[in-house]
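Structure assessment
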Amino acid sequence: MGNLAFKIGLRYARSQAHNRFIRFISASSTIGIALGCCVLIWVLSAMNGFERELKNRLLSVVPHIEFSAVNATGITDWQSIAANLTQNKEVLGVAPFVRFSGLIQNQNALKPVEIRGIDWQAEQQVSDLKSYVSANAIARFQNKEGVILGAGLAESLNLSIGDNFDVLVPQLDKDKRLLPPKSIRFELIGLLKTGGQLDHAVGFTQLPLAAKATGWTQGVQGIRLKIDDVFNASKIANELGYSLPVYVYVQDWTRQFGHVYNDIQLVRSIMYLILALVIAVACFNIVSTLVMAVNEKQGDIAILRTMGMPANSVVQTFMLQGLYHGLLGTSVGVGFGVLGGFYLSDWLAWFERLIGFQFLSSDIYFIDFLPTQLVWSDVWITAVVAIVMSLLATIYPALKAATVDPAQVVGKV
Amino acid sequence: MFNSTSLFIAHRYSRGSHSNKFISFITFFSVAGISLGVIALITVISVMNGFESELKKRILGVIPHMVVQIPDNQMNERQELLDQLKQQTDVVGVTPFQQEAGLVQSPQDMRAIYVQGIDPDASAKYSIIASNVIRGEFNQLKPRAYNVVIAQPLADQLNVRVGDKIRVMLAKGSVYTPMGRMPVQRNFTVSATFNAGSDVDSNVVLINIVDLNRMLRKKQDELNSYRLYLDDAFNLNLVKQNLTQQFPGLKVSDWRATKGELFEAVKMEKNMMWMMLALIIAVATFNIVSALVMVVNDKRVEIASLKTIGMTNRQLILVFVLQGMYKGCVGAVIGTVFGILLTFNLNPIMSLLGVGVFANPAYAMQGLPIDLHWHQVAYIASSAIAMSLIATLYPAYRAAKTNPAEILRYE
Amino acid sequence: MNNPIFECKNLKKVYHDGASEIVVLNELDLTLHAAENIAIVGSSGSGKSSLLHIMGALDSPTSGQVLFNGQDIHQLSEQKQALFRNKNLGFVYQFHHLLGEFSALENVAMPLLIAKHSMASAEKAAKSMLDRVGLPHRFKHKPSELSGGERQRVAIARALVHQPNLVLADEPTGNLDAENAAAVFDLILQLKNELSTCFVFVTHDLSLANKMDRQFKLSSGQLSKLHAEVIEHG
Amino acid sequence: MNNPIFECKNLKKVYHDGASEIVVLNELDLTLHAAENIAIVGSSGSGKSSLLHIMGALDSPTSGQVLFNGQDIHQLSEQKQALFRNKNLGFVYQFHHLLGEFSALENVAMPLLIAKHSMASAEKAAKSMLDRVGLPHRFKHKPSELSGGERQRVAIARALVHQPNLVLADEPTGNLDAENAAAVFDLILQLKNELSTCFVFVTHDLSLANKMDRQFKLSSGQLSKLHAEVIEHG
Amino acid sequence: IANSAAELLKQKLGQLSGFSAQFEQEVTDRDGQVVQQSHGYVELIQPDKFRWVTAEPNENTLQSDGETVWFYDPFVEQVTAYWLKDTIQSNPILLLLKPNSNAWDAYQISQQSESVFSISTQDEQSQVVQVKLVLSNKNALSSLSILDKQGQTSVYRFSQFSAQQASDFSDTHFNFELPAGVELDDQRQ
């Protein structure tokens, strides 16, 4: 019986003989569902994109975990500590650093900056710095003392490659006296362009140069870890921190950029709710479409009942018909959604060029373009939600179809 | 044209129990859809307004709305210039104010900041900092006392408490001595710490404008820079416009230079939210269309008989427009009422449900900031009703188009 | 009484039903003088209803004219046609077609309300009309609370409340049981004589037809004088 | 041929229409033997359709039994009643009630498809049935492309394609013009004789009724033998 | 052979045990804009005492009592104290004070003309990049210009130059008393 119900339901759904008006409403339900699915997939892939960018772009430069020495001698033998840390499968790489923050002064502008002394070779294991810095800047960095500065910072201080600039660095004084800040001269040898806030706050220099500037002469100030599961960095940081032979301050990226991750999750859940609501309301239209169809097909139902079609297959017929609209809407929506999942950022970039307005400004958001990342599970979940909702929407009218009393209908005409 | 008969019939139809139980089912959903959309819109937008106004109150409490520089040639008629400024519409207060880039240094650390020279007595009643002092006294900033008010988070970073000394250095105004350039610097005593809850708190420190003038080597009473407090930082263009007209010489700078993009981003996020939520109402109004069509379908016999007794198409259209509108209005009204109710006690409800509030500690204590703009509520309700009006046009038109002969022939 | 108030001139009406074409009215003529009453007899599907609808400007003829006081009602704008129906016509159908949500009084008053009479005056006229059709204390009831016969009386009251010039009745007693049908028919006859309204009475029941002034037979789209046929057993 | 295949025992059916109660069937009895054909005559609204529906298990009687091969079909579950209709019954109505979206062939094959026959065998049987009703090369057409007569023929083919024991026909030629009606009626008579199907033919047209084996008259809820009435003029 | 210009300059400055003079100061930035103008007087006694007083509109006093350099800025009512040895060793002014100290080796001295000597330093960290001395025929200092890392040049033109001996001043002449109510910012490590 199933396939007969399918044959009839499908014929009803596709036939244009319906009165013009049912087509209008069924179109509205299909469009509503398609819209809901499409926009939902777009939003979800944008959120996935932001998460990927957070992980690959921001967190490829920002240290995941930092252990900085408590006492002034610093971490003398960081290689051996690094060696046993990398035994742990979570840890992908370890590198030393000496970090100091100061103020860059140029004419009347005074900009705060955090400069990290790094060992270029070791840094490759923990950060993806090289993909945000020009090739010859890397070359210069490896054989000339100098600083790679965030592009935004250099621009606001109107410094260009080769210029020298002074960094006022506080001098720590054991017995609390206010020593004058020391002014250290650096040469600008490269620019860092991540397209986000980092460009306005960070600089890199060679490890020895930084050590000289801050007084961490024997050991290094701390070690930086690259871990696999970035999103529970704080848990891993605490575990590993206590296992170290030397007293360290434990720090992870969430202290400074955790709010970015939280905002992404928040927007994702709000959008899910709203768009599920849109799909639900669109499904109401399926209900009304089906009711109209049932009303119009009363004659057919009656005669089918006279021919001995049992009630449950009448129900099946109209559920399939209703589902047809739901499936159509879902597949169209999912289709465009998947398309958007791949090309949304290009479309937006083209649109931004068209109207000359930059949606995401780099000093507020951590990136300045809309990234998208299509995750197939999002697609399936959206499709299933939409189909289930449209299925539910068919139940009431389909049951009503079964209650049509053939005698009333057939006899009267 | 307004014909009471149409209203009479429409009212009876919409209130009457529909013969077809199903139509009331669909009507319920169309009303529910609209009110759901309206509730969501009012609540979410009010919360976003709340965020924006919090942001505005805190950040634009610390960052000056507008700063005017009085050119030297107008310095002698400065006083009546200031009085005129005070009478400007939307200007709430005018206080002496000068801001210079600089840094503060403690034995522990050094931070870049903006030094804001103020007159504590004049600005006490407008300044958000004055009203958020946690330790020490705001009015200690006497001239030449060389006291400074800093944010508590900054104090923690510098590891200083009220009474400690910190060094304040300006980026410009250096003195050239035979031993090279000596930056202008002076030791200040921390006389109070504050927490205005904005993330720009640690970017500013407050000293008396006389002290700042001295550091800048200006004559003490040479106050040529003033801060304008506006009642709403957002209607800046208006004030700026008539200022530049009335006082051509005045050099005016405003908050948009530094924080413009932040509020631009907030506005963009709000617009996106508007669009998404309006989608719900739009799709819901489709329900009205289908519900009304079914009523027309259900009542086609009565329409035919009404036509036979001479009812004109226009009257018939009015009957069904009014009936559809009735549903739209009910949906909009219910949505508005519940939206307002939900908005006003959103926080108790949220805490009841144990829903975690945002990561930002500032909001954790007193919950989500909520700012209901009545004009927005009116706009949402009226657009919901307008949409439902549009939704009724098609079915009403169809009702008028029914051909009585066909219908009556079958009976 | 000399010039006719209502004239149909070579009316033609063709329906398309799938491949085939059904000619319902074929060059049909009819003239009616004021207060004149005629009966039209024809088997079901012979086009009786179509003729009535065309006379009542509810349907438009494929060709031909329908003149009321010399003016062709099918040339009027939709607005004017509605006004014409509201002022000069009354319809009574086999099925009562009352408005379910309205009381009997409101149903009868409806034509006057549409003609923009005040609620009070409309209900007064409706009240007296309901008394006249023998339902003095039923005006508060909804159609669903009335019997078949009572409903048909309300329909008749509604058709006459605004003193129309012409009443078109399509098998008004068709749906009633024998006894009710007879009572309702007598009521129509009395009203026919009292008011100067002109009646067009369509039925397939010869015994009823004979009680009218003139009888016609509608078959294959033509109207022809009806001979004194043998009355078909009740 | 001795025991009856179909028996109605004191069937009673009452409708509630607003305040009044209408008794449609009043202690009605009827027995049918295999391949027996009867005609039932009655004025419209006299309950003819209700009787047919109750016999076809489409409507349930207020009281009384309908036995098919000795078993009361109204005691069956809905599922079984559907099966009973599919196996043993065929319906033909005044209105063709064909499925608008399906071709004539598909319409006729429908009862077999419902009985879970394969598409091929169903369409083969339907094809031959369509030939039998005289529509050999119309099976691809949709009902909207057929004439009134052709549609009624398809309806008849659909009612007989699964060799039902009993065919219930409710004014099958009522909607057709005279000439088509006669042709369709002859077709029914031929089929009646060829197949061993038992026919119940409901009409208000005496001339057609007389062509059946036995005639009954349904009035005030009772079935009574029909005397040789004078044939009412065509 | 030692750098003859250096020797000549050392020998000229050596004869000068000290001096006092009035000065006009003009500071121009990298693009030649005048940034500051002031005047005042200077008294200097080798090897480590001097008093450099600038009058309005930019009054400030730079005074060394031999051990500590005091910088008094009346505008902000604050005196900042540095060790003389910390501030001077990376500053060409040292040459005026100690013409014969071995710190000279860190400088390149060249003689551009009969009376013009330029002293420049390679020390990346030093604030002052080059000092130009102009000596009049009687070895009196007629002008002193200082170019710093930011490209600003500060030029002092001296007048009423008179050579001085340590004995011309009282022992306490170069001592510095903290004016009443003035903040001391002691930066001596």
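If you're wondering where the values come from, they're calculated on a predicted model, not measured in any experiment.

Calculation criteria
Residues numbered from 1 in each chain as written. Chains lettered and ligands numbered in written order. Predicted model: local features only at pLDDT ≥ 70, side-chain atom pairs only at ≥ 80, totals over all residues. Heavy atoms only, no water. Helix = DSSP H or I, 4+ residues; strand = E, 2+ residues; numbered from the N terminus. Rg over C-alpha atoms; globule rule 2.2 N^0.38 Å. Buried < 20%, exposed > 50% of the residue type's maximum accessible area, 1.4 Å probe, protein only. Pairing = 2+ DSSP bridges. Contact = heavy atoms within 4.5 Å. Buried area = accessible area lost by both parts, 1.4 Å probe. Salt bridge = Lys/Arg side-chain N within 4 Å of Asp/Glu carboxyl O. Polar contact = N/O pair within 3.5 Å; in protein donor to acceptor, adjacent residues only side chain to side chain. Axes fitted to C-alpha atoms, helices over the stretch in contact; angles between N-to-C directions. Parallel < 35°, antiparallel > 145°, perpendicular 65-115°, else oblique. Left-handed = near helix turned anticlockwise from the far one by under 90°. Nonpolar A, V, L, I, M, F, W, Y, C, P; charged D, E, K, R; others polar. UniProt positions renumbered as here; feature names shortened; annotations may be inferred. Phe/Tyr/Trp six-rings, centres within 6.5 Å; stacked < 30°, edge-to-face > 60°. Patch = residues over 30% accessible without salt bridge, like charges linked within 9 Å, V, L, I, M, F, W, Y side chains within 5 Å. Areas by Shrake-Rupley, 256 points an atom, 1.4 Å probe, with all protein chains shown as cover. Core = buried A, V, L, I, M, F, W, Y, C linked by side-chain atoms within 4.5 Å. Domains from an automatic or database assignment. Arc of directions from axis to C-beta. Right-handed = clockwise from strand over helix to strand, strands pointing away.

Turning to the overall build of chain B, a few remarks are in order. In terms of helices and strands, chain B carries 14 helices and twelve strands. The C-alpha atoms of chain B give a radius of gyration of 32 Å, which is well past the 22 Å a tight globule of 411 residues would have. Taking the principal axes of its C-alpha atoms as reference, chain B extends roughly 115 × 50 × 30 Å. Looking at chain B as a whole, 59% of its 411 residues qualify as buried.

Let us look at the sheet that holds strand 5 (residues 71-72) of chain D. Strand pairing in a sheet relies on backbone hydrogen bonds, with the paired strands running either antiparallel or parallel. All names here are of chain D. What the four strands build is an open sheet, ordered 2-1-4-5; its pairing is antiparallel. A single partner strand is all that each edge strand has here, and the edge strands are strand 2 (20-32) and strand 5. In this structure, strand 4 (residues 63-68) lies alongside strand 5, joined through two bridges in antiparallel fashion. When the bridges of strand 5 are listed, Phe68 appears paired with Gln71.

In this chain, Gln46 of chain E is followed by Pro47 of chain E through a cis amide linkage whose omega measures 0°. Inspection of the secondary structure puts Pro47 of chain E in the loop between strand 2 (34-45) and strand 3 (49-54). Positive phi, close to 50°, is recorded for Asn69 of chain D, a residue that is not glycine. Counting through the fold element by element, Asn69 of chain D comes out in the loop between strand 4 and strand 5. Look at Asn69 of chain D and you get exposed, because its relative accessible area is 53%. Phi at Lys116 of chain D is positive, roughly 70°, even though this residue is not glycine. With respect to the helices and strands, Lys116 of chain D occurs in the loop between helix 3 (104-114) and helix 4 (119-132). When its relative accessible area of 58% is taken as the criterion, Lys116 of chain D is described as exposed.

Attention now moves to the interface of chain A and chain B. Counting from both sides, the interface comprises 52 residues of chain A and, opposite them, 49 residues of chain B. Both faces combined, the contact of chain A with chain B buries some 4,500 Å², and carbon together with sulfur accounts for 74% of it. Joining chain A to chain B, the criterion identifies zero salt bridges. Counting the contacts that link chain A with chain B gives zero residue pairs in polar contact (both at pLDDT 80 or more). No other element matches the 17 residues that helix 9 (residues 254-296) of chain A contributes to the side of chain A that touches chain B.

To continue, consider the packing of helix 9 of chain A against helix 11 (residues 311-355) of chain A. Residues and elements named next belong to chain A. Following both chains from N to C, one finds helix 9 and helix 11 inclined at 140°, their axes separated by 10 Å at the closest point. Compared by their axis directions, helix 9 and helix 11 come out oblique. For the pair helix 9 and helix 11, the sense of crossing is right-handed. Taken together, the residues of helix 11 that come into contact with helix 9 (itself represented by Ile286, Thr289, Leu290, Ala293 and Val294) are Phe318, Gln321, Gly322, His325 and Gly326. Of the residues that constitute the contact of helix 9 with helix 11, the class distribution is five nonpolar, five polar and no charged.

A few words now on the arrangement of the chains. If you rank the six pairs of chains in contact by how many contacts each has, first place goes to chains A and B. Chain B shows no contact with chain D. Their nearest C-alpha atoms sit 12 Å apart. No interface is formed between chain C and chain E, the nearest pair of C-alpha atoms being 88 Å apart.

So, on to the UniProt feature "transmembrane region" (unreviewed entry) in chain B. Residues and elements named next belong to chain B. Within this numbering scheme, the UniProt entry marks residues 22-48, 274-296, 316-342, 349-365 and 377-397 as carrying the feature "transmembrane region" (unreviewed entry). Across residues 274-296, the secondary structure splits into 100% helix and 0% strand, with the terminal C-alpha atoms separated by 33 Å. Here residues 316-342 is 100% helix and 0% strand, with 39 Å between the C-alpha atoms at its ends.

Our next topic: the pattern of salt bridges. All names here are of chain A. Going through the model one piece at a time under the given rule, you end up with 41 salt bridges over all chains. Between Arg116 and Glu66 there is a salt bridge, with the nearest N and O atoms lying 2.5 Å from each other. You can see Arg116 sitting in strand 3 (residues 109-118) and its partner Glu66 sitting in strand 1 (residues 65-69), a full 50 residues away along the chain. One exposure class covers both Arg116 and Glu66, and it is buried. Salt-bridge contacts for Asp128 lead to Lys130; the nearest nitrogen and oxygen are separated by 3.5 Å. Judged by its relative accessible area of 25%, Asp128 falls in the partly exposed class.

Our next topic: the environment of Ile380 of chain B. Residues and elements named next belong to chain B. With respect to the element layout, Ile380 can be found in helix 13 (residues 374-401). Overall, Ile380 belongs to the buried group, its relative accessible area being 1%. Taking the C-alpha atoms as reference points, Ile380 and Tyr114, separated by 266 residues in sequence, lie 42 Å from one another. Setting aside chain neighbours within four positions, we find Ile380 in contact with Val38, Leu41, Ile42 and Trp274.

What follows deals with the pairing of strand 2 of chain E. All names here are of chain E. Sheet topology note: the strand 1 (residues 18-28)/strand 2 ladder contains eleven bridges and is antiparallel. Residue pairing in the sheet places Thr28 in a bridge with Val34 of strand 2. With antiparallel pairing between neighbouring strands as the criterion, strand 1 and strand 2 make up a hairpin whose turn holds five residues, including Gly32 at a positive phi of roughly 85°. The sheet contact formed by strand 2 and strand 3 spans six bridges and is antiparallel. Bridging from a neighbouring strand, Glu43 pairs with Arg51 of strand 3. Between strand 2 and strand 3, which pair antiparallel in sequence order, lie three residues.

Before going further, it helps to spend a moment on the packing of aromatic side chains. All chains considered together, the criterion is met by 36 aromatic pairs over all chains. Taking the centre distance of 6.2 Å and the plane angle of 40° together, the rings of Phe165 of chain A and Phe186 of chain A count as tilted. Of this pair, Phe165 of chain A sits in strand 5 (residues 164-169) while Phe186 of chain A sits in strand 6 (residues 182-192), and the two are 21 residues apart along the sequence. Consider the rings of Trp274 of chain B and Tyr379 of chain B, whose centres lie 5.8 Å apart with planes at 70°: the pair is edge-to-face. Here Trp274 of chain B is found in helix 8 (residues 256-298), whereas its partner Tyr379 of chain B is found in helix 13, with 105 residues between them in sequence. Taking relative accessible area as the criterion, Trp274 of chain B reaches 19% and is therefore assigned buried.

What follows concerns the sheet that holds strand 9 (residues 128-135) of chain E. All names here are of chain E. Read from one edge of the open sheet, twelve strands run 7-8-9-10-11-1-2-3-4-5-6-12, paired in mixed fashion. Taken across any chain shown, the strands that pair with only one partner, and hence form the sheet edges, are strand 7 (107-111) and strand 12 (183-186). Each neighbouring strand pair of the sheet contributes to a mean axis angle of 20°, computed without reference to strand direction.

Turning next to a nonpolar patch on the surface. All names here are of chain A. Nonpolar side chains collect at one region of the surface, where Leu328, Val332, Phe336, Leu339, Phe342, Tyr343, Trp347, Trp376 and Trp380 lie side by side and expose about 920 Å² of accessible area between them. The element contributing the most residues to the nonpolar patch is helix 11, with seven residues. Within the element layout of this structure, Phe342 appears in helix 11.

Core analysis: the largest hydrophobic core is formed by 197 residues, its most contacted members being Leu306 and Phe320 of chain B together with Met110 of chain C. It is helix 8 of chain B that provides the largest number of residues to this core, a total of 18 residues. A domain split of this core shows at least three residues from each of domain 1 (2-56 + 260-412) and domain 2 (63-252) of chain A. Those residues within four positions of Met110 of chain C in sequence are excluded, and the remaining contacts are Thr5, Phe8, Ile9, Leu306 and Ile309 of chain B together with Leu99 and Phe102 of chain C. Ile303 and Met309 of chain A together with Leu58 and Val200 of chain D belong to the second-largest nonpolar core, a separate cluster that totals 98 residues.

Glancing now at helix 3 (residues 78-87) of chain B. Residues and elements named next belong to chain B. Within the sequence span of helix 3, burial applies to Leu81, Leu82 and Leu85. The arc that holds every buried residue of helix 3, seen down its axis, measures 100°, which confines them to one face. As for helix 3, its buried residues are in contact with strand 1 (66-69), strand 2 (91-105), strand 11 (225-230) and helix 7 (236-246).

This paragraph deals with the packing of helix 5 (residues 148-160) of chain C against helix 6 (residues 178-194) of chain C. Residues and elements named next belong to chain C. One can describe the packing of helix 5 onto helix 6 by two numbers: an axis separation of 10 Å at closest approach and a directional angle of 15°. Comparing the axis directions of helix 5 and helix 6 gives the class roughly parallel. Judged by the sense of rotation from one axis to the other, the crossing of helix 5 with helix 6 is right-handed. Facing Gly149, Gln152, Arg153, Ile156 and Leu160 of helix 5, the residues of helix 6 in contact are Asn180, Ala183, Val184, Leu187, Ile188 and Leu191. Across the contact of helix 5 with helix 6, the residue classes break down as seven nonpolar, three polar and one charged.

Every regular strand shows the same layout, with side chains that alternate between the two sheet faces. All names here are of chain D. Along strand 8 (residues 198-203), six of the six residues are buried, which leaves the element largely enclosed by surrounding structure. Residues Cys198, Val200 and Val202 line one face of strand 8 and the alternating positions Phe199, Phe201 and Thr203 line the opposite face, and both faces are buried. Relative to strand 8, strand 3 (residues 37-41) is paired through five bridges, and the arrangement is parallel. Looking across to strand 8, one finds that Val41 is bridged to Thr203. Relative to strand 8, strand 7 (residues 166-170) runs parallel, the two sharing five bridges. Its bridge partner lying in strand 8, Val167 is registered against Phe199. Regarding the hand of the β-α-β motif, the stretch spanning strand 7, helix 6 (residues 178-194) and strand 8 is right-handed.

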